[in-house]
Each structure stands twice: as C-alpha cells, then as structure tokens.
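# Residue-level structure breakdown
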Amino acid sequence: METVIVAPVIEESWKLALEEEFSKPYFVNLKQFLIEERKQHTVYPPGKLIFSAFNHTPFTNVNVVILGQDPYHGAGQANGLCFSVSDGIKMPPSLVNIFKEILNDLGFTIPTSGNLERWADQGVLLLNAMLTVRANEPGSHQGKGWESFTDSVIKHISTQKKGVVFLLWGKYAQAKEQLIDGSKHHILKAAHPSPFSAYNGFMGCKHFSKTNEILAAQGKKEIDWH
C-alpha cells in the first residue's frame, strides 16, 4: 500500500505559511481518512503528487491563481495541478476548451500535451479545492477536510500578498470570492470551461491576455501561456 504524504514534503515557503494547518484536528482526521481510503480504494493522484501545485509554485512566486474543484478521477490523469494532465494523457474536454480560448485570445496553437507544469513554474498556482479523489468517483473526497485546507491557502494568499490575479471559472470557484480581498487583488470571473458551460461565458472571456495586462501594469513578468 502506498504511504500517504501527510507531514507534506512541501516547498519551504508554503511549509512556513501553512505550518499551523498540518496539526489542526481537521487535517489529522483527513490524514486518517486517506490512510483508510487507500486500504480499500484507488486514490488519485499518487501520494507524491498531492502537493504538486505547491511544489511547482512557491508561495513567494504566486502571481496568478486558477481554482479547480476535484482532481481528475480517471487512471493516470490527475497530476496535482488543476485542469492539468501528465504528458501522454489524452486531454479532458475542459482542458481542450481552455486551449481553444487561448488560441482565440492569443493565437497560440493548441499543444499536444495537457501538462500545465510550465504555467505553474511561472507563478500560476493551479489549485483544486480537493487534492484527492477516489478512482472513477468524482466528488468522493468532498467534505473530508481538503476544503478547509485549500480555503486556508486562498486566505493566506489574500492576506499576505498583493496584486494576485484570481481566475474563478464556474459557480464553485466563484463561491471562493468571499475569501479574497478584492481591494488588493484582481478577480476575473467566467463560466466553467466544461463543454456544458464553456459557450455560456468562458469562450471569449480573454482571461489570459487580461491577466498579462494586469501583471504588466504592476511591473510583473507576464505568463507565457503556450
């Protein structure tokens, strides 16, 4: 059985920012839940990838936050970054629509890989509300403690940083707006890129060019969305 990473191997600036969370009762309970869950079920992503979003995007580097809900629940899909899949994995429909919008917005060709590590390494925190899921059962790890942890992440960014661009796609992500100080950060909202809603406000939102305009106005480096 795979060992669950609980005292996380997590990038140092995040470890300092979130240190108190790891000893709180909800996180201790979450640890126990994951240990038991893995005894009976396949859980995605693999333990070593649960905190990939944090390890690719140190707290000190966060300039953009994209919020997702659940990790992908199919075999080999989830890699710890919201909307992202590892090299060689077929792109899910929502990710295809994200790349279609980038094509429309910036003219960049749709890539062959859906691995978004290249964005994360530039300061785009790709954060799911839940960091794990049971195989083939979307939403199966809701209400187990992850939301408390990731809400705390959002609050830490809001209180301790300034000028971060938050991309909130869909109602679930937009409900997190209450955690963000809109007087010191930038919030861009659109429909979810899912095929069920993408053409009700995601396609044409131009969030990628708008994000770069906001970053450039602050003297920050723009994101290469290729």
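The preceding data block contains the structure.
Just so it is clear, the structure is predicted and the values come from calculations on it, not from any experiment. (Residues numbered from 1 in each chain as written. Predicted model: local features only at pLDDT ≥ 70, side-chain atom pairs only at ≥ 80, totals over all residues. Heavy atoms only, no water.)

## What to know about the packing of helix α4 (residues 93-106) against helix α8 (residues 207-217)
Filter applied, for reference: The axes used here are C-alpha line fits, helices contributing only the stretch in contact, and every angle between their N-to-C directions lies in the interval 0 to 180 degrees. Numbering of helices and strands starts at the N terminus; helices are DSSP runs of H or I of at least 4 residues and strands are runs of E of at least 2. Contacts are assigned to residue pairs with any non-hydrogen atoms lying within 4.5 Å of each other. Residue polarity is assigned by list, with Asp, Glu, Lys and Arg as charged and Ala, Val, Leu, Ile, Met, Phe, Trp, Tyr, Cys and Pro as nonpolar; anything else, Gly included, falls into the polar class.
Running from amino to carboxyl end, α4 crosses α8 at an angle of 60 degrees, the nearest separation of the two axes being 8 Å. From α4, Ile98, Glu101, Ile102, Asp105 and Leu106 reach across to α8, where they touch His207, Phe208 and Ser209. Grouping the constituent residues of the contact of α4 with α8 by class yields 4 nonpolar, 2 polar and 2 charged.

## Here's the deal with the side chain of threonine 150
Selection criterion: Relative accessibility thresholds used throughout: buried, under 20% of the residue-type maximum; exposed, over 50%; partly exposed, between the two (1.4 Å probe, protein chains only).
Position of threonine 150 relative to the elements: it lies in helix α6 (residues 146-160). Looking at threonine 150, the relative accessible area reads 2%, which means it is buried. When near neighbours in sequence (up to four residues on either side) are disregarded, threonine 150 contacts Leu127, Asn128, Ala129 and Leu131.

## Observations concerning the pairing of strand β5 (residues 165-169)
Each regular strand carries side chains that alternate between the two faces of the sheet. What counts is decided by this rule: Strand pairing is assigned whenever DSSP identifies at least 2 bridges connecting the two strands.
Of all 5 residues in β5, 5 are buried; the element is thus mostly enclosed. Because side chains alternate across β5, one face comprises the buried residues Val165, Leu167 and Trp169, and the other comprises Phe166 and Leu168, equally buried. Summarising the sheet, strand β2 (residues 64-68) and β5 pair through 3 bridges and their orientation is parallel. Residue valine 65 lies in a different strand from β5, and its bridge partner there is phenylalanine 166. Pairing analysis gives 5 bridges linking β5 to strand β6 (residues 186-190), with the strands arranged parallel. Residue valine 165 lies in a different strand from β6, and its bridge partner there is histidine 186.

## Section: the pattern of salt bridges
Just so we agree on the cut-off: Here a salt bridge means any side-chain nitrogen of Lys or Arg lying within 4 Å of a carboxyl oxygen belonging to Asp or Glu.
Taken as a whole and judged by the stated rule, the model has 6 salt bridges. Salt-bridge contacts for arginine 134 lead to glutamate 37; the nearest nitrogen and oxygen are separated by 2.6 Å. You can see arginine 134 sitting in strand β4 (residues 133-134) and its partner glutamate 37 sitting in helix α2 (residues 25-40), a full 97 residues away along the chain. On the basis of relative accessible area, glutamate 37 is assigned to the buried category, the value being 5%.

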